[in-house]
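A look at the structure
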Amino acid sequence: MPQKSFTYDQSKTTYPILIAIALAHMSNDMIQAIIPASYPMLKDNFNLSFAQIGVITFCFQISSSLFQPIVGAYTDKYPKPYSQIIGMFFSIIGVIGLSFANNYYSVLFSVTMVGVGSSIFHPESSRVAYLSSGGKRSLAQSIFQIGGNTGSALAPLLLALFVLPHGQRFILWFLLIGVFAQILLSYIAIWYKKVLHSVKGQAKKLIKIPDLSESTINYSIGILLLLIFSKYVYIASITSYLQFYLMEKFAISDVQAQVYLFYFLIAVALGTLFGGFLGDYLGRKYIIWLSVLGCAPFTLLLPFASLFWTGILVFIIGLIMASAFPSILVYAQELLPRKLGMVSGLFYGFAFGMGGLGAAILGYWADYTSLENIYLVCSYLPLIGIIAYFLPDMKKVKFLEVN
């Protein structure tokens, strides 16, 4: 029988691919999330200071951030369907290295390998989510993001159940996640290659470009990056140090502290999903504004809360704060529709970079002051969200169709 020819319909949402890339994102981010979840164990094993913990986060997030805009800009011109598979190989090397690490510097090498893998994974994966969206871009980004955030949320629980009671070597079990991801990424790569072949030689679809001046586009991108800064430095304070803060302030065990980290990360996953839906209906500008600024009352309360209320507050903060990212990313893509890979790489890269830099600075600060002090200062970061008021309302902006 002759093979059925493949035709790519850009107006149709390809849910099998969208779900597959979300599951691959879940796997990638679950491997990433091993790093902060293992900090209490690594701190005890190698007698690390908070400054050294911050440097671990810095190495991981900087290696994640530096390559992403470069990879995104390159794949805008030369799409690489199999690049995510290569990225996952780097992450697998990182998992093996972390499980066998016997000193601080081998830990730094391992987390850097995971970071490089993540930097290769994200730009093309975000493009796959876009190509499979069928025009439902916020929905597609939300499904893609909730996959990653779910992986980040599950890692602390899996580590608490299977690694912390047995020791560092049991991190090797996460190799199964890497193998699962490679199977999914192979399936996605075959589809992506068919899409590229299907559209080759076809007349290019007209691109909708916002009728905005270059200066307006540039300052809008600047505002979005500043909002990313406030969001991801605060998130870094939670993912890197919440466990230690709770163990020190409330005298709970590392396993119990992992559960509170899970509360935050699962709320981030839910917030990402809701934010994507609401962004399409209410307008992305207002979701961005409310989700960043709306966290402020809760972040300001957190340093004074009891253990019970801390659990509730970190859940609320994660839920509200995470709703912004899909809208921020799609908003930026609407501003620069010709540079989807570069925009995705820039925003993912900047987010990881700011998180890494913030974690390193906060670690040194915690050594010289206290963990409680960093949460007092970081509680004011969401107030930066007020600048979202100055973003153009894209629902009211005219779009021009060009080649």
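1. Considerations on the overall build of the protein
- What the protein contains, in helices and strands, is 15 helices and 2 strands.
- A globule of 403 residues ought to have a C-alpha radius of gyration of about 22 Å, and the protein, at 21 Å, matches this closely.
- Referenced to the eigenvectors of the C-alpha coordinate spread, the extents of the protein come out at roughly 65 × 50 × 30 Å.
- Split into buried and exposed, the 403 residues of the protein put 57% on the buried side.
- Of the contacts made within the protein by residues no fewer than 6 positions apart, 87% connect residues no fewer than 24 positions apart.
- When the accessible surface of the protein is split by element, carbon and sulfur atoms take 69% of a total near 17,100 Å².
- Placing the 24 positive and 15 negative side-chain charges of the protein at their respective mean positions leaves the two points 12 Å apart.

2. Thoughts on the environment of T310
- As for its position among the elements, T310 is in helix α12 (residues 307-322).
- Taking the C-alpha atoms as reference points, T310 and Y232, 78 residues apart in sequence, are found 20 Å from one another.
- When residues no more than four places from it in sequence are discounted, the contact partners of T310 are L246, F250, L302 and A305.

3. Observations regarding helix α8 (residues 214-250)
- Look at α8: 52 Å from first C-alpha to last across 37 residues, which is about the 54 Å you get at 1.5 Å a residue.
- Remark: the principal bend of α8, roughly 60 degrees, maps to Y241.
- Across the 37 residues that make up α8, a large majority, 26, are buried.

4. Section: helix α4 (residues 83-100)
- The terminal C-alpha atoms of α4 lie 27 Å apart, and with 18 residues this matches the ideal 26 Å at 1.5 Å per residue to within 8%.
- Within the sequence span of α4, burial applies to S83, Q84, I85, G87, M88, S91, I92, G94, V95, L98 and S99.
- On the buried face of α4, the contacting elements are α1 (15-37), α2 (39-46), α5 (104-131) and α7 (175-199).

5. Considerations on the state of the cysteines
- By the definition in use, this model includes 0 disulfides.
- C378 supplies the cysteine sulfur nearest to C295, a cysteine that is in no disulfide, at a spacing of 13 Å.
- Residue classification places C378 among the buried positions, given a relative accessible area of 4%.

6. Quick word on the packing of aromatic side chains
- As enumerated under the stated definition, the model contains 9 aromatic pairs in all.
- Ring geometry for F50 against Y241: centres 6.3 Å apart, planes inclined by 80 degrees, an arrangement best described as edge-to-face. Placement of the pair is F50 in helix α3 (residues 50-77) and Y241 in helix α8, with a sequence separation of 191 residues.
- Of the residues examined, F50 reaches a relative accessible area of 13% and is grouped as buried.
- Look at F308 and W309: their rings are 5.5 Å apart centre to centre, the planes differ by 85 degrees, and that puts the pair in the edge-to-face class.
- For F308, a relative accessible area of 55% gives the class exposed.
- Over the face of the ring belonging to F50 we find K43, whose NZ or CZ atom lies 4.9 Å from the ring centre.

7. Here's the deal with the confidence of the model for the protein
- The predicted model of the protein averages 85 in pLDDT, with 95% of residues at 70 or higher.
- Strand β2 (residues 399-402) is the least confidently modelled element of the protein, averaging 72 in pLDDT, while α4 averages 95, the highest of any element.

8. Focus: unusual backbone geometry
- Backbone geometry places N47, a non-glycine residue, at a positive phi of 55 degrees.
- With relative accessibility at 67%, the residue N47 sits in the exposed group.

9. As for the nonpolar core
- In terms of nonpolar packing, the biggest core is built from 118 residues, with I56, L224, Y241 and F347 touching the most fellow members.
- For this core, the leading source of residues is α8, giving 18 residues.
- Apart from the residues lying within four places of it in its own chain, the contact partners of Y241 are F50, I53, G54, A236, A359, L362, G363, L371, I374 and Y375.

10. Structural notes on the side chain of S152
- By the secondary structure assignment, S152 is in helix α6 (residues 137-163).
- When residues no more than four places from it in sequence are discounted, the contact partners of S152 are D29, M30, A33 and L265.

11. Concerning the environment of N149
- Relative to the elements of secondary structure, N149 occurs in helix α6.
- Excluding its chain neighbours within four sequence positions, the residues that come into contact with N149 are D29, L265, V268, A269 and T272.

12. Focus: the pattern of salt bridges
- Taken as a whole and judged by the stated rule, the model has 2 salt bridges.
- Between E124 and R127 there is a salt bridge, with its nearest N and O atoms 2.6 Å apart. Of this pair, E124 and R127 both sit in helix α5, 3 residues apart, which is roughly one turn of the helix.
- E124 gets classed as buried once you look at its relative accessible area, which sits at 0%.
- Judged by relative accessible area, which is 13%, R127 ranks as buried.
- For E372, the salt bridge goes to K249, with nearest N and O atoms at 3.9 Å. Placement of E372 in helix α15 (residues 371-378) and of K249 in helix α8 is noted, with a sequence separation of 123 residues between them.
- Its relative accessible area of 34% is what places E372 among the partly exposed residues.

13. A closer look at the packing of α1 against α7
- As a packed pair, α1 and α7 sit with axes 9 Å apart at the nearest point and diverge in direction by 145 degrees. Crossing handedness for the pair α1 and α7: left-handed. Residues P16, I17, A20, I21, L23, A24, S27, M30 and I31 of α1 form the contact with α7, whose participating residues are I177, G178, F180, A181, L184, L185, Y187, I188 and W191.
- The class makeup of the residues in the contact of α1 with α7 is 16 nonpolar, 2 polar and no charged.

Parameters and conventions
One numbering rule holds for all chains: residues counted from 1, following each sequence as written. Confidence filtering applies because this is a predicted model: local features only for residues at pLDDT of at least 70, side-chain atom pairs given and counted only at 80 or more, and all residues used for totals across whole chains, interfaces and linings. Side-chain numbers come from the whole structure's heavy atoms, not from hydrogens or water. A run of H or I in DSSP becomes a helix once it reaches four residues, and a run of E becomes a strand once it reaches two; helices and strands are each numbered from the N terminus. The quantity called the radius of gyration is restricted to C-alpha atoms. Its globule counterpart is 2.2 Å times the number of residues to the power 0.38. Only protein chains enter the area calculation, which uses a 1.4 Å probe; residues under 20% of their type maximum are buried, those over 50% are exposed, and those in between are partly exposed. We call two residues in contact when some of their heavy atoms are within 4.5 Å. Areas reported here follow the Shrake-Rupley algorithm with a probe of radius 1.4 Å; residue values treat only the protein chains shown as occluding. Neither His nor the chain ends is counted toward charge; the positive residues are Lys and Arg and the negative residues Asp and Glu. The atoms used to mark charge sites are NZ of Lys, CZ of Arg, CG of Asp and CD of Glu. Given the number of residues in a helix, its expected span is that number minus one, multiplied by 1.5 Å. The bend at a residue is defined as the angle formed between two axes, one fitted to the seven residues ending at that residue and one fitted to the seven starting there. When two cysteine sulfur atoms are found within 2.5 Å, that pair is recorded as a disulfide. Aromatic pairing here means that ring centres of Phe, Tyr or Trp (its six-membered ring) are within 6.5 Å. Orientation follows from the plane angle: under 30 degrees is stacked, over 60 is edge-to-face, and everything else is tilted. Charge-over-ring placement is defined geometrically: NZ (Lys) or CZ (Arg) within 6 Å of the ring centre, and within 35 degrees of the ring normal. Known as pLDDT, the predictor's per-residue confidence is scaled from 0 to 100. Here, nonpolar core refers to any group of buried Ala, Val, Leu, Ile, Met, Phe, Trp, Tyr and Cys residues whose side-chain atoms link them within 4.5 Å. By convention in these notes, a salt bridge is any Lys or Arg side-chain nitrogen within 4 Å of a carboxyl oxygen on Asp or Glu. Axis lines are fitted to C-alpha atoms, over the contacting stretch for helices. Their N-to-C directions set the angle, which ranges from 0 to 180 degrees. With the far helix as reference, a near helix turned anticlockwise by less than a right angle produces a left-handed crossing, and one turned clockwise produces a right-handed crossing. Basically, the charged four are Asp, Glu, Lys and Arg, the nonpolar ten are Ala, Val, Leu, Ile, Met, Phe, Trp, Tyr, Cys and Pro, and anything else, Gly included, counts as polar.

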